[in-house]
Amino acid sequence: MRAMVLRGKTLAVETVDVPAPGPGQVLARVLACGICGSDLHAAKYLDDMIAAARRSGSTQWDESVETAGMVMGHEFIAEVVQAGPGAEAWQPGTRVTSIPVMIDPASPTGMAAIGYSTKFPGAYGEYVLMSAPLLLRVPDGLPDEVAATTEPCAVGLHAVREARMQPGETALVMGAGPIGLMTLLWLKHDGVQHVTVSELSAERRELARKLGADLVIDPRETPVLEAIQQATGRPAPPVVFECIGVEGTLQQAMDLVDRMGRVIVVGVCMQEDRIMPMVGINKQLTLKFVLGYTPAEYAEALDALGKKAVDTSPMITRVIGLDELPAAFTALADPRDCKVIVVPSR
């Protein structure tokens, strides 16, 4: 099959073997797969990601991942083509998705990541293996490209649920990339009356308006706190979602949040950063770092997309084929794009 392979820091579309489904597994044809910021980070900072994972006790990475080649892609929807022993209930032609992990008894945790190992290729290719017990049927009528946003939609849901929003609270979302916008969608879905979004890109600010932000700010032109105070009558937002992940933005979030407030750290900063602990101490802040989602949250996100309770379609700015994928990784440095979807058959 054709797939985009990461070798070191080089991305190239190659021909690789089609994986065979083992017991409890299905082989599925990839219909659509979103490009994730984590994949952009891996293409640029894989050695740093491996070092950080080991430092935090993760066993996700095997020793060969930097040299053997890795097929990424974990925001996918696919169509069952072949079932392994014990997975025959999943008929060919069924559209499915799942959390991007495989049940793997050989792994120390019993699970292995799809798209972040050399053992289980991800969905930047024509076919992907999936574990049958984790499969979710994609609702009829939900377009492939929108269904492929289930994974980042679940990330936004998890961030909002971890914030433990209280009645009457307002929120600031820093950054209107895909995850910031997903966070905005879930805040509004859950009834938060006033959500401010701060974003440098004019295109992404417009997306935030379309998706329901109550106040949209270019922080280079408008003092963020003054604008929020004028709009809400509060001295500062009690909850700030940091969805940028570059050096300095965590301290900015601490400066912007109200006393006794909560900073939900969703953005992934790939460099060492500096904060002023006394700001957090004086304001008695809570910093909450979040990762991914639970299986139940993933299923909830898919259900919400199917019922149109949340609508991620406005943030899909481009659909590409496999051959365009390496160039798209470079192009996504330009924030005019938001969510780019890969359709391998395109």
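Structure: above.
Given the structure is predicted, the values throughout are model-derived calculations rather than measurements.

Asker: When you look at helix α5 (residues 178-189) in this model, what are you seeing that I'm missing?
Answerer: Its 12 residues give α5 an end-to-end C-alpha distance of 16 Å, which sits within 8% of 16 Å, the value for a rise of 1.5 Å per residue. Burial analysis of α5 places 9 of its 12 residues in the buried class, which makes it a mostly covered element. The set of residues buried in α5 consists of Pro 178, Gly 180, Leu 181, Met 182, Thr 183, Leu 184, Leu 185, Trp 186 and Leu 187. One or two steps after α5, the chain reaches Gly 191, where phi turns positive at roughly 90 degrees.

Asker: Before we go on, may I ask you to explain the nonpolar core in this structure?
Answerer: In summary, soluble globular proteins display a tendency toward joint burial of nonpolar side chains. Counting residues in hydrophobic clusters, the biggest one holds 52 residues, and the most contacted among them are Leu 181, Leu 187 and Phe 241. Ranked by the residues each element gives to this core, the list is headed by helix α4 (residues 150-163), at 7 residues. Non-local contacts of Leu 181, meaning those with residues more than four positions away in its chain, are made with Ala 176, Leu 207, Ala 208, Leu 211, Met 315 and Cys 338. Core analysis: the next-biggest nonpolar cluster, separate from the first, contains 49 residues, Ala 42, Met 102, Leu 325 and Phe 329 among them.

Asker: Looking at this model, I keep getting lost on the environment of Ala 52. Mind explaining?
Answerer: Structurally, the position occupied by Ala 52 is in helix α1 (residues 37-55). On the basis of relative accessible area, Ala 52 is assigned to the partly exposed category, the value being 44%. Distance from Ala 52 to Met 270, taken between C-alpha atoms, is 9.3 Å for residues 218 residues apart in sequence.

Asker: Would you mind showing me how to read the packing of α4 against α5 here?
Answerer: Packed helices, taken two at a time, are described by the angle their axes make and the gap between the axes. The contact between α4 and α5 brings their axes to 8 Å, and the two run at 60 degrees. Considering their axes alone, α4 and α5 lie oblique with respect to each other. The chirality of how α4 crosses α5 is right-handed. Side by side, α4 and α5 meet where Pro 152, Cys 153, Val 155, Gly 156, Leu 157, Ala 159, Val 160 and Arg 161 of the first sit next to Ile 179, Met 182, Thr 183, Trp 186 and Leu 187 of the second. Taken together, the residues that form the contact of α4 with α5 break down as 10 nonpolar, 2 polar and 1 charged.

Asker: Just to check I follow, could you spell out α1 for this structure?
Answerer: Two residues of an α-helix separated by three or four positions point the same way, owing to the 3.6 residues in each turn. When the terminal C-alpha atoms of α1 are compared, their 21 Å separation across 19 residues is substantially less than the 27 Å that a helix rising 1.5 Å per residue should span. Where α1 bends most, at Tyr 45, the angle is about 100 degrees. Those residues of α1 that sit buried are Asp 39, Ala 42, Ala 43, Tyr 45, Leu 46, Met 49, Ile 50 and Ala 53. After α1 finishes, the residue Gly 57 shows a positive phi value of roughly 85 degrees.

Asker: Can you help me understand the sheet that holds strand β11 (residues 195-198) in this one?
Answerer: Sheets are built from strands that pair by backbone hydrogen bonding, the pairs being arranged parallel or antiparallel. Across the sheet, which stays open at both edges, the 6 strands sit in the order β12-β11-β10-β13-β14-β15 with parallel pairing between neighbours. Of all strands in the sheet, those with a lone pairing partner are β12 (215-217) and β15 (286-289), marking the two edges. Sheet twist, expressed as the mean angle between neighbouring strand axes with direction ignored, is 20 degrees. In this sheet, β12 lies alongside β11 in parallel orientation, the contact comprising 3 bridges. Residue pairing across strands places Ser 198 opposite Ile 217, the latter belonging to β12.

Thresholds, definitions, all that
Residues numbered from 1 in each chain as written. Predicted model: local features only at pLDDT ≥ 70, side-chain atom pairs only at ≥ 80, totals over all residues. Heavy atoms only, no water. Helix = DSSP H or I, 4+ residues; strand = E, 2+ residues; numbered from the N terminus. Expected span 1.5 Å × (residues − 1). Buried < 20%, exposed > 50% of the residue type's maximum accessible area, 1.4 Å probe, protein only. Core = buried A, V, L, I, M, F, W, Y, C linked by side-chain atoms within 4.5 Å. Contact = heavy atoms within 4.5 Å. Axes fitted to C-alpha atoms, helices over the stretch in contact; angles between N-to-C directions. Parallel < 35°, antiparallel > 145°, perpendicular 65-115°, else oblique. Left-handed = near helix turned anticlockwise from the far one by under 90°. Nonpolar A, V, L, I, M, F, W, Y, C, P; charged D, E, K, R; others polar. Bend = angle between axes of the 7 residues up to and from the residue. Pairing = 2+ DSSP bridges.

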